[in-house]
Each structure stands twice: as structure tokens, then as C-alpha cells.
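The lines below spell out each chain.
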Number of protein chains: 2
Amino acid sequence: MKNILLASTSTVYGSGFLDYLLPELVQHFKDCNTLLFIPYARSGGMTHEEYTAKVALAFAKINIAVKGIHEFENPVEAVQNAEGIFTGGGNTFVLVSQLYKNQVMDVLAEKLKSGTPYLGTSAGSNIAGLTIQTTNDMPIVYPPSFQTLGMIPFNLNPHFIDSEGPDNHMGETREARIKEFHAFNSIPVLGLREGSWLAIKGNTITLKGHLKARLFRQNQLPEELESGADLSFIK
Amino acid sequence: MKNILLASTSTVYGSGFLDYLLPELVQHFKDCNTLLFIPYARSGGMTHEEYTAKVALAFAKINIAVKGIHEFENPVEAVQNAEGIFTGGGNTFVLVSQLYKNQVMDVLAEKLKSGTPYLGTSAGSNIAGLTIQTTNDMPIVYPPSFQTLGMIPFNLNPHFIDSEGPDNHMGETREARIKEFHAFNSIPVLGLREGSWLAIKGNTITLKGHLKARLFRQNQLPEELESGADLSFIK
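First things first, this report covers the structure right here in the doc. Just so it is clear, the structure is predicted and the values come from calculations on it, not from any experiment. (Residues numbered from 1 in each chain as written. Chains lettered and ligands numbered in written order. Predicted model: local features only at pLDDT ≥ 70, side-chain atom pairs only at ≥ 80, totals over all residues. Heavy atoms only, no water.)

1. Some remarks on the packing of aromatic side chains
Here is step 1 of the chain: The final tally for this structure, using the stated rule, is 17 aromatic pairs over all chains.
Here is step 2 of the chain: Centre to centre, the rings of Phe93 of chain A and Phe146 of chain A are 5.9 Å apart; their planes meet at 75°, and the pair counts as edge-to-face. Here the residue Phe93 of chain A occupies a position in helix H4 (residues 92–101), and Phe146 of chain A occupies one in the loop between helix H6 (123–126) and strand E6 (155–160), the gap between them amounting to 53 residues.
Here is step 3 of the chain: Look at Phe93 of chain A and you get buried, because its relative accessible area is 0%.
Here is step 4 of the chain: The interplanar angle of 65° and the centroid separation of 6.0 Å between the aromatic rings of Tyr20 of chain B and Trp197 of chain B together place this pair among those described as edge-to-face. Here Tyr20 of chain B, found in the loop between strand E1 (3–7) and helix H1 (22–28), pairs with Trp197 of chain B, found in strand E8 (residues 197–201); they are 177 residues apart in sequence, far enough to count as distant. (Phe/Tyr/Trp six-rings, centres within 6.5 Å; stacked < 30°, edge-to-face > 60°. Helix = DSSP H or I, 4+ residues; strand = E, 2+ residues; numbered from the N terminus. Buried < 20%, exposed > 50% of the residue type's maximum accessible area, 1.4 Å probe, protein only.)

Next comes the structure, spelled out in C-alpha cells:
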């Protein structure tokens, strides 16, 4: 029975790393003394060690010890033995490349299906969808596939934003980009605004946080979904 | 001797499709009666036929007849026989996938090296760089490679913009994304603002339009380059 939280962002404006999620995380990881952190999405600025230290600092507030997957000799076993797992944000292409390179993608999917509590933020949430084809990130490395964990039967667009750039900029809006995705793919896409997250318990998917989310489906008008809504109908 | 124009955008705010470039295009395509248009980047909203008709309308103003590559039975021959070539914008992943699928990537590179005048806008400019790893587009299809034409010894970031989204949004800025690219790659990246273009004559690369461009190099501070500058030093 799946037990998964997928957050749009690790950090909301004006607040510390993971702070807004801590009340939820206390409950979510209540049976965990330790947490496996996957820092693979990190793409410069911080080492895996530094990123893991940052995460450890946040989880120390709720008395959970954190160890990075890069500290284990065998990352597959690290996943298999984890009490709880958190995959942080960064670059989704880097994350996916590393998961495949370390042969962790399939074992992670199996582990999450078995009920191990999981938290994803940003790129770490993106990989819970069917593919990373609705990421906002730059394709700075070439992954062997765009396919990901498929813990939900749709894709996410984290950090969803209603407009990008000034009005006189000719680059596409986020909504236009997702519409382009639907010219080639039928997978639904949920635009998850910063401060929103999904709680997945078994087959029930609930929208949490105080914001609405925006659902995009092929050949349909986008739809605003209320906080607290049961999203299990999306497929 | 290469003869190439690479524009950040087809359209500047408040002006018609290609209008701001027409004075340059008259000169650039002065020996062409016909132009081959590559609409492959199109990702919904318009068919290849409609996109080609839009381009034909713009080029009619300077008395050049336009035919879309999709109208030819053999796209490789269409490229080989073209007097001039224009690749329009849309989604870079779709464009690159189509170029590979139709086996046009290599022949297009050869054709441009031989001096056939080329215009690219947005995605059509992106592919003139070494890779598409600094595109802004969503990875809505999975191309067989991120490698592209290599007509310039660096990458472009079209539609370059100094800030994205409101200040309280936690998504990365364009500059942060390019910095992530440089955590994994040493290829220089030129941020080309809307209204700027590069003119490539042989081995000389000149920044055109009235705006500055922003050069990003691995482990170096970004640098603003003046309009009119010779950019042949970037490699």
C-alpha cells in the first residue's frame, strides 16, 4: 500500500528548507528512525554531502537521522533496506540519469509499491509520475529514458506558475508548454503550485496545502482542483 | 563558407511574424528565388501546412517562394537541392526528433557548410549549436540524441531573459539553469535576447540587433557582449 508525499517545492518563499511540510512529515515518517536521502538531482552549487547535511539538519527537528544514498557501497541495497526515502530537487534529467546509472529506478518503484514512506520535492516528485516530459528543467544531461516510477497514473508539473516572464516576452507560458506535450501525449498533467503537495495512500490521491492545482488533459480545457480534493479519478 | 542567421525569436513584441528581420533577410536570401521551410518544430496549434503558409506570407513580401519540407517525397533531396533554408521555432525536442527520423540532420549540416543561406529562429537557431541542452523547451518527445548541427562552436539559449516569474517563485532563473548546465558541460552558452540574432559568414560570428547578449562560460562570471561585437572568439 503506497504511502507517498509529492511536493511541488522543498521551500516556500520566506520560509526555511522543508519547514512548511514538517507537521506533515512528522506523521508521514512516524515509524522511521532513519531516512535514506537521494541527492542525485543536485546539479552544481552543492555536493551530495552538503545537500545531505542540509536535509539532515531539517529532519533533525523531527528526530530522524538521514543518510545519503552516495554513502552506501551498494545503492540498490540502500534502497531495499530503507525505512523511509526522500528524493530532493535539482535537475530532473540529472536525477533520472543517476537513478538509471545506479540501477535504482526499478528497485525504488518496487520499494514504494511495498509501502515504504516516500517524500519527493520538485524533481523528486516529478519522477513519481509516468515520465519526466513535463519537467521545467533544462536537459543538461541525456538520460537513457524519460520513463520514471509511475507511482501515480499521470505526470506532474512542479513549481506550476500561471504566467512566466513579462507580458512582452514571446517565450511560451507553462500552460502553452503543457499543451504542446498534449499534442504528442495523452497522459494527464497536474500543475502543482508551490505550497501544494499530493498525499498518496494506497490508491487514493489527495491534494494537500492551501492552493488549488491545475489539471491539463488532452483535448480538454484545463480544470482547477480544490485543496483537499480526491484526485484518484485522474488517469 | 557558411552563411547563416540565427535569431532568438521569429517575432518581437508588437510586430508581425519575421517583420523585424525582413531588411536583413532581403540581403541574406538575395540569390534565392525559393526557400525550403522546415516546420518540424511545430508542436500543435498549427499543422505543417498552416505553418508553411504563414512563412510563405512573410517571404512573399520579399518575393521569395516558400515550400515546406513535408511537401517533398524525399526530404534529404529537398535539403540537398534547396537554394535557401529556414527552420522555424516550436519545440526543440520535436524538431530534433523529426530531423533524425527523416535522416536530415547530417545532410543539413553538410548543406550549410557548403554556403547555402540559412535562417533559424528560436528552435531553428538552437539546432545550429552543438547540442540542444540549453533549450527552454519541455522534453515532450524523446529524441535519439541531443547533438545538433554544430554550425557554431557553442550553444545558444534563445529567448534569453534576465528573470523569470515573480520574485517569490522558487523555480530556477534562466541563469541558474545555464549554470547547472556548466556543472556537467564545458560548452559555452550564449543567451540571445529577443530581437538579437547572430550573423555567421564563414568563420566570423557577429552579434546583430540592438541588444546585448549574455555569454556564460564554465567557471567564469557571465559577460555582456555588445551589439555588433565579433563573437568568433567564443569556443
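So that's the structure; there's more coming.
2. Quick notes on the layout of surface pockets
Here is step 1 of the chain: One number sums up the size of the largest pocket: a volume of about 710 Å³.
Here is step 2 of the chain: Forming the walls of the largest pocket are 32 residues, and the residues nearest its centre are Arg42 and Gly44 of chain A together with Glu172, Ala176 and Glu180 of chain B.
Here is step 3 of the chain: Those elements giving two or more residues to the lining of the largest pocket turn out to be helix H2 (48–60) of chain A together with helix H7 (174–184) of chain B.
Here is step 4 of the chain: Examining the composition of the lining of the largest pocket, we find that seven residues originate from one element, H7 of chain B, more than from any other.
Here is step 5 of the chain: The class makeup of the residues in the lining of the largest pocket is nine nonpolar, 16 polar and seven charged. (1 Å grid on protein atoms, 1.4 Å probe; cavity = no way out; pocket = protein on both sides within 12 Å on 5 of 7 lines; lining within 4 Å. Points joined across faces, edges and corners; volume = space filled by probe spheres on them. Nonpolar A, V, L, I, M, F, W, Y, C, P; charged D, E, K, R; others polar.)

3. Structural notes on the pairing of strand E2 (residues 34–38) of chain B
Residues and elements named next belong to chain B.
Here is step 1 of the chain: With four of five residues buried, E2 is to be regarded as a mostly interior element.
Here is step 2 of the chain: Sheet topology places E2 next to strand E3 (residues 65–68); four bridges connect them, and they run parallel. Counterpart to Leu36 in the pairing with E3 is Lys67.
Here is step 3 of the chain: In the classification by handedness, the crossover that spans E2, the intervening helix H2 (residues 48–60) and the parallel E3 is right-handed.
Here is step 4 of the chain: Taken together, the three bridges between E2 and strand E4 (residues 85–87) define a ladder with parallel strand orientation. By the bridge assignment, Phe37 is partnered in E4 with Phe86. (Pairing = 2+ DSSP bridges. Right-handed = clockwise from strand over helix to strand, strands pointing away.)

From the geometry alone we can't say anything about function, so treat these as descriptive.
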